[in-house]
Amino acid sequence: MKNNRQIWIFGLLATLAIIIVPVIVFIPKASASTDDPWENVPQKAIHTSHADIIQGPFETGSDVTIACLKCHQDAAFQIMATSHWTWESPPTTVPWREGTVTIGKKNQINNFCIGTQGNQQKCTTCHIGYGWEDANFDFQNPENVDCLACHADMNLYAKSDYGYVAEGVDLLAAAQSVRNPTRDNCGACHFDGGGGNGVKHGDLNEHLYNPDSNLDYHMGELDFQCIDCHVADDHQILGRLMADNYIIPDNQQVTCTNCHSINLHKDERINAHTQTVACQTCHIPSIGVDDPTKVYWDWSTAGQDQPEDHLTYLKIKGSFVYESNFAPAYAWFNGNLEYRYLLGDKIDPSVPTMIDLPAGDISDPKAKIFPFKIHIAQQPYDTVNNYLLQPLTAREDGFWTTFDWPSALQLGSDITGLDFSGQFDFAETWMYWPVTHMVRPSEEALSCDHCHGPEGRMDWEQLGYYGDPITWGGRSNINR
């Protein structure tokens, strides 16, 4: 009897171990649960070669998608639930509007190419779908999803107007090349956002296809792909663009502490900064590195017959200023926006209009000093209604063909639903773009002298301090 009881107890313990151990092993890890960042880097399964699986021929991109869906039945429907597909944020409330609004490239404007509505011919070249020609595009049709944009070898695949496959692409070869997304896939749109290489983001340009470690330590030294940080779950990719949202939940953002401990420095004086200063502030000391980035765009000069140079002037777009290797601007940032200009919002043309404005200040415990690229533009507005206008640019009857501002603004207003008085001028606007890429090796990070002292780069009073906190004390003194 005793032996039977022991055998029974032993069997029970073994059964419990079989149940509990896998639960412990596979339970999700908390952010930065270890000082070893490699334990938080996702392990990706080796992708199965499709060279012998995919059979053609294919006449259209949608034909490839249909073939993909035979095995990946849920993939297109997962894609259609993402902002990569909708180009629109989830509905949200903002203090200055009644009801809910959405924000995104689909329905709002920026101060680069201004807006997509009516301009889909060129804008949707970077959409992960086929055939978004106008407002009648079917966002519910899975066959419109472009699987190849994110998964094909970009040496074999390219997109063209309205997101259709570029002429001359061998669709069978492209389909057989599919793999996990690489920097080539992501960079095809994100490195060239805003109309060209390095235009929009001061921390993203085509040098990141094959960077050296001094440009970006993670991508250069460690050969990180974008999806190592921007991890995906059912095609929902971690990290949402600030300019196309208003409130972004913490669990939907990419942060350094997803992998790194917040107190990883050997010098405790540096660790003391991490509650106030974002990692990026010290580890991304300059932007516009290797390729210049656009900092000023004047649409008011577009249409003039001037000598053209893509860095200074184009007739279809106006005048530009680019800068290289310059310090970011710094502001308090808690991950959300204080304001995002919505189509139809009234402006005061005597002062700059903030298209987006980071939320946070020195009294906000969630806010940290964060680096930004600020892009300044002169863009059209209605002088009677006092709101910004979206011109029609890309179509055959748009500004890029006619160079007729009144016509382009009327056509754009007809599409967006805004009233156009016929009277217009150009107003100054600002956009803030967070700087999070091109992380330098630790030996190239900012040192004390870069921020503190008479030659420091920080405007301490503008940030809300009495003066340099090394003399006047930190934010805790301000918040008493």
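On a predicted model such as this, the values are computed, not experimentally measured, just so you know. (Residues numbered from 1 in each chain as written. Predicted model: local features only at pLDDT ≥ 70, side-chain atom pairs only at ≥ 80, totals over all residues. Heavy atoms only, no water.)

Draft legend 1. Geometry of the overall build of the protein. What the protein contains, in helices and strands, is 17 helices and twelve strands. Whereas a compact globule of 480 residues would reach a radius of gyration of roughly 23 Å, the protein reaches 25 Å, a difference of no more than 12%. Each principal axis of the C-alpha distribution contributes one length, and for the protein these read about 100 × 70 × 45 Å. Once local pairs closer than 6 in sequence are excluded, the contacts in the protein between residues at least 24 apart make up 69%. Taken as a whole, the protein presents about 24400 Å² of accessible surface, with 54% of it coming from carbon and sulfur. Side chains of the protein carry 29 positive and 61 negative charges; the gap between the two charge centres is 8 Å. (Helix = DSSP H or I, 4+ residues; strand = E, 2+ residues; numbered from the N terminus. Rg over C-alpha atoms; globule rule 2.2 N^0.38 Å. Contact = heavy atoms within 4.5 Å. Areas by Shrake-Rupley, 256 points an atom, 1.4 Å probe, with all protein chains shown as cover. Lys, Arg positive; Asp, Glu negative; His and termini not counted. Charge placed at Lys NZ, Arg CZ, Asp CG, Glu CD.)

Draft legend 2. Fine view of the state of the cysteines. A full pass over the atoms with the stated rule returns one disulfide. Bridging Cys126 to Cys189, the disulfide has an S-S length of 2.3 Å. Looking along the S-S bond of the Cys126-Cys189 disulfide, the torsion reads about -110°, which is the left-handed sense. Here the residue Cys126 occupies a position in the loop between helix 5 (120-123) and helix 6 (148-151), and Cys189 occupies one in helix 8 (residues 183-190), the gap between them amounting to 63 residues. When its relative accessible area of 31% is taken as the criterion, Cys126 is described as partly exposed. (Disulfide = S-S within 2.5 Å. Buried < 20%, exposed > 50% of the residue type's maximum accessible area, 1.4 Å probe, protein only.)

Draft legend 3. Just the nonpolar core, in detail. Judged by nonpolar contacts, the single largest core of 32 residues is most densely connected at Trp299, Tyr341, Leu388 and Trp405. At the level of elements, strand 5 (318-323), strand 10 (368-382), strand 11 (387-388), helix 13 (399-402), helix 14 (405-416) and strand 12 (424-434) are the ones that each hand at least two residues to this core. The element that contributes the greatest number of residues to this core is strand 12, accounting for four residues. Residues in contact with Leu388, not counting those within four places in the same chain, are Ile109, Tyr341, Asp345, Ile347, Thr353, Ile355, Gln379, Pro380, Tyr381, Leu418 and Thr429. (Core = buried A, V, L, I, M, F, W, Y, C linked by side-chain atoms within 4.5 Å.)

Draft legend 4. Here's a closer look at the pairing of strand 5. Inspection of the sheet shows strand 3 (residues 293-298) paired to strand 5 by five bridges, in the antiparallel sense. Opposite Lys294, over in strand 5, you have Tyr322 as the bridge partner. Of the pairings in the sheet, the one linking strand 4 (residues 313-314) to strand 5 comprises two bridges and is antiparallel in character. Note on strand 5: the bridge partner recorded for Tyr313 is Ser319. Between strand 4 and strand 5, which pair antiparallel in sequence order, lie three residues. (Pairing = 2+ DSSP bridges.)

Honestly, that's just the spatial picture; any functional story needs more than this.
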